[in-house]
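# Chains, contacts and geometry: an overview
Residue strings, one per chain:
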Amino acid sequence: MNLLRTFIVGLFSVFCLQTVEAQVTVTVSKKKTVIEGKSYYLHTVKQGETLYSISKAYNIQQKDIVFNNPGALESIRVGEELKIPEKTTGAEAAKTQLESAQFIYHIAEQGQTVYSLMQKYHLTQEELYKQNPELEHSPLQVGQVVTIPKQNAQTSNADNGFRIHEVQKRETLFSIAKSYNLSVNQLIDANPVINSRSQDLRAGQKIKIPLPDMKPIGIPVEISQTDTVIVRKDLEEDSVDCVPVAQNNFKIAMLLPLFLSDNASAVSDTSLTKDAQGRYVRKDGTYWISPHSETALEFYQGALLAIDSLKKTGFNAKVYVFDTMRDTLEVQKILSQPLMKEMDLMIGPFQTELVDKTAQFAAENHIFYVSPTAVNIESVKNSPYLMQVTTGAMSTIAPTMDIISRQRDSIRVALIGNKSETDQTLFHAYHNRLKTILPDSMISTYQFKVDSLKTPPEYLKKKTKNVVIVTASNEVFITIIAAHLNAATRDYPVNLYGLSVWTNFINLDPEYLHNVEFRFATPYYIDYSRKDVLRFLQQYRKYYATEPSLNRQGSYSLLPVQHAFLGYDIMLFFGSAVKVYGKNFGHCISRFRLPALQSDFHFTKVNSTGGHINSNLNIYRYTKNYKVVQDKKSEN
């Protein structure tokens with residue numbers, strides 16, 4: 001049991017014993033302060049006072065004190081000053097926090113569309129897209145947070161429920177009515193001075209637009225269903241109220257392995273020249289950068305484009321970039337800077353061992369941090385402020401089994417592994433899961449070496465649907481298997497399931513994958529026919545004069561990923577979450593949705609005291625008509 005769990009369980013025991021403690025009179029403090037628009041009492045702890053007695057005096061729950069004073073989870077000390085939130089109703093709290101904001105935040109519901117939001121809030125399409133540029137090219141998703149300009153969404157008492165529209169050149173009553181989803185008669189009724197016969201308007205003329213009553217929408221909390229220890233429900237991390245904040249000035253730290261010093265060697269390299277922008281160029285005209293820097297640089301470049309998109313929505317943030325150089329001591333040096341304690345969000349480091357080093361700092365300072373590439377479920381279980389974006393190969397088992405379980409009456413499964421690979425964990429994990437959904441008679445397992453691969457008649461059956469699952473990641477091994485199965489499709493019905501990393505193999509003929517209707521589970525997939533993807537590529541080429549490259553996360557995760565897209569998606573998603581919820585966005589991240597270019601993020605809390613992991617995986621299928629389509633979206 002980790003230290004945080006010990007504290008929580010111990011605290012639970014203390015709460016159970018409170019009824020036998022001596023009664024202590026707690027005097028409510030007259031000292032108050034306002035932090036980010038919210039009012040707090042400043043209470044100085046006296047001898048004999050406990051969390052229980054203080055919470056009773058202020059008529060709030062103990063978890064509210066713990067949330068605003070995280071050190072109180074361990075103990076409170078005489079003389080310590082606690083921030084005690086002034087009790088208000090949920091509606092009052094939401095109103096207080098939104099009064100000074102420029103926006104309200106709408107949580108999309110089932111059946112809602114861009115058009116219905118325009119109608120609901122009386123926005124033009126241009127106004128809605130300006131604050132939410134992702135809606136222009138991506139469909140509205142259930143749970144997505146949509147930014148609504150406050151002046152549009154709320155009525156004005158001075159104008160008795162109307163907003164004022166200033167007529168532009170060439171506008172007519174018909175065009176204005178259409179842009180606000182009104183009828184011409186509604187406009188005329190609201191503006192009796194308009195000549196209803198000629199319907200003439202003058203540029204600069206101000207007319208009233210009738211609006212319905214609008215109220216701020218609070219965002220309900222979603223409690224994790226994956227608790228693994230017994231704790232008080234009101235002390236769970238995600239039991240806080242999720243309401244938008246009025247703050248709009250944030251600090252974001254990016255800890256990236258840029259290896260800037262490695263690029264100094266270019267100065268003495270006579271084969272390189274500098275262009276007008278100061279970039280080093282090879283003789284063939286291509287740009288040079290240290291191979292150690294490429295991945296992090298592309299991630300950073302994608303993140304910069306996301307920051308540009310966020311700025312257009314009114315998001316204000318200072319972004320601090322640090323070079324970790326994949327070095328533990330360097331990370332410790334970065335984290336020791338006083339500035340780091342002021343961060344609202346941290347992105348990075350990349351490596352698992354460096355993420356673990358960051359965990360203690362994040363917990364002590366209550367800063368949520370994002371791990372873009374590291375895969376370590378144990379780290380997430382023990383790090384409440386960690387957001388793990390990448391899922392490992394093991395996570396592909398569940399969505400694959402979901403499809404196979406629905407075909408259990410009509411298939412036979414052949415599970416094939418590479419006997420030469422040292423890591424057999426994935427093969428055995430697949431086998432164990434298969435045995436839970438299929439009888440042994442429907443499962444055959446094979447372990448081959450590259451130089452002794454058997455042909456399909458050894459493991460396929462005629463007159464039945466053969467599902468072949470291959471857990472190997474060796475390119476030569478997979479290329480031979482795919483060629484064998486492609487030839488066998490003339491005599492055997494075959495479907496092949498495997499790893500997304502295969503799609504990056506140069507020597508693997510894509511036609512083979514289409515003929516066997518290859519399926520793979522992945523959180524990462526880029527549809528180059530999407531307009532928002534094409535727009536990103538245009539921007540990337542414009543600013544950086546190059547193309548994003550395809551990188552592999554590493555042999556452990558077996559997931560191909562383009563880091564430029566990953567940097568964009570992560571910065572846009574988490575920047576938007578911070579914009580809505582503030583520094584404590586992590587407590588509400590399970591509900592947050594935002595369309596992405598390469599991977600939509602659906603974060604799930606792994607246990608009551610751990611962090612969050614991206615649980616969004618999709619199954620993609622190569623079709624016989626040479627398309628790649630989404631086959632099944634996993635909810636696991």
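Reference entry: report on the structure contained in this document. (Residues numbered from 1 in each chain as written. Predicted model: local features only at pLDDT ≥ 70, side-chain atom pairs only at ≥ 80, totals over all residues. Heavy atoms only, no water.)

This part takes up the overall build of the protein chain. If you tally the helices and strands in the protein chain, you get 19 helices and 25 strands. For the protein chain, the proportion of its 636 residues judged to be buried stands at 52%. Considering only residue pairs separated by 6 or more positions, the protein chain has 69% of its internal contacts joining residues 24 or more positions apart. With the model as given, the accessible surface of the protein chain reaches about 30,300 Å², and the carbon-plus-sulfur share is 50%. (Helix = DSSP H or I, 4+ residues; strand = E, 2+ residues; numbered from the N terminus. Buried < 20%, exposed > 50% of the residue type's maximum accessible area, 1.4 Å probe, protein only. Contact = heavy atoms within 4.5 Å. Areas by Shrake-Rupley, 256 points an atom, 1.4 Å probe, with all protein chains shown as cover.)

Scanning the entire structure with this criterion turns up 28 aromatic pairs. When the centroid spacing of 6.1 Å and the interplanar angle of 70° are considered together, the rings of Tyr581 and Phe592 count as edge-to-face. Taken together, the positions of Tyr581 in helix H19 (residues 563-581) and Phe592 in the loop between H19 and strand E22 (603-605) put the pair eleven residues apart, joining distant regions of the chain. For the pair formed by Tyr581 and Phe592, the shared burial category is buried. Counting every residue linked through ring pairs, the aromatic cluster contains Phe368, Tyr385, Phe573, Phe574, Tyr581, Phe585, Phe592, Phe601 and Phe603. Note that Lys462 overlies the ring of Tyr492, its terminal NZ or CZ placed 5.8 Å from the centroid. (Phe/Tyr/Trp six-rings, centres within 6.5 Å; stacked < 30°, edge-to-face > 60°. Lys NZ or Arg CZ within 6 Å of the ring centre and 35° of its normal.)

Moving on, we get to the nonpolar core. With 72 residues, the main nonpolar core has Met340, Met346, Phe574 and Phe585 as its most contacted residues. Broken down by element, this core gets its largest block of residues, 13 residues, from H19. For Met340, the contacting residues outside a window of four places in its chain are Ala253, Leu255, Phe322, Ile334, Leu335, Met346, Phe361 and Ile367. Listed in part, the 53 residues of the second largest apolar core include Ile404, Val413, Tyr497 and Leu508. (Core = buried A, V, L, I, M, F, W, Y, C linked by side-chain atoms within 4.5 Å.)

Attention now moves to the packing of helix H14 (residues 397-405) against helix H15 (residues 425-437). Packing of H14 against H15 leaves a shortest axis separation of 11 Å and a crossing angle of 35°. Regarding H14 and H15, the two cross each other, and that crossing is right-handed. Here H14 contributes Ile397, Ala398, Thr400, Met401, Ile404 and Ser405 to the contact with H15, which in turn contributes Leu426, Ala429, Tyr430, Arg433, Leu434 and Ile437. Its residues assigned to classes, the contact of H14 with H15 comprises nine nonpolar, two polar and one charged. (Axes fitted to C-alpha atoms, helices over the stretch in contact; angles between N-to-C directions. Left-handed = near helix turned anticlockwise from the far one by under 90°. Nonpolar A, V, L, I, M, F, W, Y, C, P; charged D, E, K, R; others polar.)

This part is about the pairing of strand E8 (residues 249-256). Most of E8 is tucked away, with six of its eight residues classed as buried. Pairing geometry for E8 and strand E11 (residues 316-323), over eight bridges, is parallel. Bridge pairing in E11 places Leu256 opposite Asp323. Strand direction decides the pairing type here: E8 and strand E12 (residues 345-347), joined by three bridges, are parallel. Residue pairing across strands places Ala253 opposite Met346, the latter belonging to E12. (Pairing = 2+ DSSP bridges.)

Here we take up the sheet that holds E8. One open sheet accounts for seven strands, arranged E11-E8-E12-E13-E14-E23-E22; its pairing is mixed. Strands at the two margins of the open sheet, each flanked by one partner only, are E11 and E22. The sheet shows a mean angle of 20° between the axes of neighbouring strands, direction not considered. When strand E14 (residues 386-388) meets strand E23 (residues 612-614), the two strands line up parallel, connected through two bridges. Bridge pairing links Met387 to His612 in E23. Against the sheet, helix H11 (residues 328-335) touches E8, E11 and E12, its axis set at about 145° to E11.

Residues Glu330, Val331, Ile334 and Leu335 constitute the buried set of H11. Projected down its long axis, H11 carries its buried residues within an arc of 135°, all on one side. Opposite its buried face, H11 presents the exposed residues Leu329 and Lys333, each directed more than 90 degrees away. One side-chain oxygen at the N-terminal end of H11 lies 3.1 Å from the backbone nitrogen of Leu329; it belongs to Asp327. (Arc of directions from axis to C-beta. Polar contact = N/O pair within 3.5 Å; in protein donor to acceptor, adjacent residues only side chain to side chain.)

Right, let's talk about the environment of Ile416 for a bit. In this fold, Ile416 is placed in strand E15 (residues 411-418). Distance from Ile416 to Ile469, taken between C-alpha atoms, is 6.1 Å for residues 53 residues apart in sequence. Filtering out sequence-adjacent residues up to four positions away, Ile416 remains in contact with Phe427, Tyr446, Phe448, Tyr459, Val468, Ile469, Val470, Thr471, Phe477 and Ile481.

Burial along strand E7 (residues 206-210) is one-sided: the face carrying Ile207 and Ile209 is buried and the face carrying Lys206, Lys208 and Pro210 is not. Strand direction decides the pairing type here: strand E6 (residues 162-166) and E7, joined by five bridges, are antiparallel. Within E7, the position partnered with Phe162 by the bridge is Pro210.

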